[in-house]
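Structural description and commentary
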Amino acid sequence: MEVGSTDLQLEVQYGAKSGFSPFTPKGYKPLTFSHSFTQRPNLFHSLQTLNSLDSNPPAQALVPFLTIAVETASLSTSGVNIALEASETAFGIIKSEKVAYLAVEPGANRLFTDDTDVEVIWESFFTGFAVDGWNDGCNYFNFINRYSQSPLVVASKNSRVGDDGGWLRSCNLRANRVGLVVDEDRDGDNERSHPKEEVSILAMTSSFVSSGEILSCDTLFPGALSTYNDGLVQLVQGVKVTDNNAQFITTTNLTSLALTDPALCNGQACLASGNNSLTPSQAAQVPTVANDGSSVAPVPASLAGDYFYDELQLAMLEDQYRVTAPTRIFLKNTSSLLSTSFLNIGKTNIVVDSGAYLAIYVDGAIAIAANANIAAYIVATGEVRIAQNVTYEGSITSGTQIITEGSSTFDAISVQIIFQAFVVFINLYC
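A quick note: this is a predicted structure, and the numbers were derived from the prediction, not measured.

**Some remarks on the overall build of the protein chain**
The secondary structure content of the protein chain amounts to 3 helices and 34 strands. Once the C-alpha set of the protein chain is aligned to its principal axes, its extents read approximately 85 × 40 × 40 Å. Counting every position in the protein chain, which comprises 430 residues, the buried fraction comes to 49%. As displayed, the protein chain has an accessible area near 18400 Å², and 50% of this comes from carbon and sulfur atoms.

As structure tokens, this is what we get:
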């Protein structure tokens, strides 16, 4: 997910009957995303200023009348071309205007808890080139999520097929669908038909309050080991930690119990950073995907895709697990009000194929058996206990404590790919 803004002034699009025609130069501004998307994101955009306004609304129409244009086929994983859209309206002097945007990968059943503990479920998707004009009739699009009442909806054009410009209007909203059309002005002519445009739609269950503490990859996984909620990290003899944090582990509480062969962080004696990896607001954002409990134990030896378990205990006891594609495992327990879930990872070898990853979220505790070889990114609300001689590649974040035993090694490999899982695991990870 990426939220940002940019300024537009000289980059303008308009129709043939516009007051800007024919002498005003046309153009688009390239916008490069800073976030690395693994698939083409939905794009939402909105003007934030009216610096060019030279009329007296509502008694008079906005002059100039400006919306946002997205160049057809320019939206990609790396960026997009955008401009101010004057459609076929009257000429006006254009000053610099600020445009805000949100880019997010398509997906459904996402959730987060806001600063007032309101749980918000949301989704985003493309319509394809399927939204035509006001005179062409309403175009309906079904939601993927199931809502008990009409959700809040945001939509933005992601193309400019019609040379007359235009902007989106809603023509229907129900709990299961939204209707959209492209409307046009009647300044240059009275027709309001329009060729089919591509649109991004975002729907959510309610409004929300947020402090703006949006998770980043480095925040969720700041190193090989980290805790939040003032959790503890306990290291013993022979433990080796390799990441980019010098001798520091992101935690407020660190104990090292070794009398000989002390634990080392990047070749130095380990120290606590003195801060949590997540604030309470950030921790509430993980995960954003709703666990519907649709998966049935045991965990398969060949892993690809999403797995949703609602179990008191879940085990991974095969000799080997092969991860052949991006994989996320979610575990919770709703059968008991007294106990959270427990994931038992045995003496196993987790092999991750090129281009794949394994991300695990447990609302509860995790135990990893001795001599296991693990490649995964783990977030657990409870304790994570790692037995002796474990080789671990990836990162572990715990909301309670991380307990290690002798001679285990932890190597924090890059988390950039994983974060496409959790901005959907956050949605866990970016």
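**Some thoughts on the state of the cysteines**
Enumeration according to the criterion identifies 2 disulfides in this entry. The disulfide that involves cysteine 138 links it to cysteine 171, with 2.0 Å between the sulfurs. Torsion about the S-S bond of the cysteine 138 and cysteine 171 cystine: about 85 degrees, corresponding to right-handed handedness. With cysteine 138 in the loop between strand S9 (119-131) and strand S10 (139-142) and cysteine 171 in strand S12 (residues 167-173), this pair connects stretches of sequence that are 33 residues apart. Cysteine 138 gets classed as partly exposed once you look at its relative accessible area, which sits at 26%. Residue class for cysteine 171 comes out partly exposed when judged on its relative accessible area of 31%. Across a sulfur-sulfur distance of 2.1 Å, cysteine 265 and cysteine 270 are joined as a disulfide pair. Its S-S torsion of approximately 105 degrees makes the covalent link between cysteine 265 and cysteine 270 right-handed. Like cysteine 270, cysteine 265 is buried.

**Side note on the pattern of salt bridges**
Scanning all chains against the criterion turns up 13 salt bridges. A salt bridge links aspartate 353 to arginine 322; the shortest N-O distance between them is 2.6 Å. Taken together, the residues span a long stretch of sequence, with aspartate 353 in the loop between strand S27 (349-352) and strand S28 (358-362) and arginine 322 in strand S25 (residues 320-332) at a distance of 31 residues. With a relative accessible area of 26%, aspartate 353 lands in the partly exposed category. Linked by salt bridges that have partners in common, Lys26, Glu85, Arg160 and Asp163 make up one network.

The rules behind these values
Residues numbered from 1 in each chain as written. Predicted model: local features only at pLDDT ≥ 70, side-chain atom pairs only at ≥ 80, totals over all residues. Heavy atoms only, no water. Helix = DSSP H or I, 4+ residues; strand = E, 2+ residues; numbered from the N terminus. Buried < 20%, exposed > 50% of the residue type's maximum accessible area, 1.4 Å probe, protein only. Areas by Shrake-Rupley, 256 points an atom, 1.4 Å probe, with all protein chains shown as cover. Disulfide = S-S within 2.5 Å. Salt bridge = Lys/Arg side-chain N within 4 Å of Asp/Glu carboxyl O.

Everything listed here is a matter of coordinates, which is why it stays silent on function.
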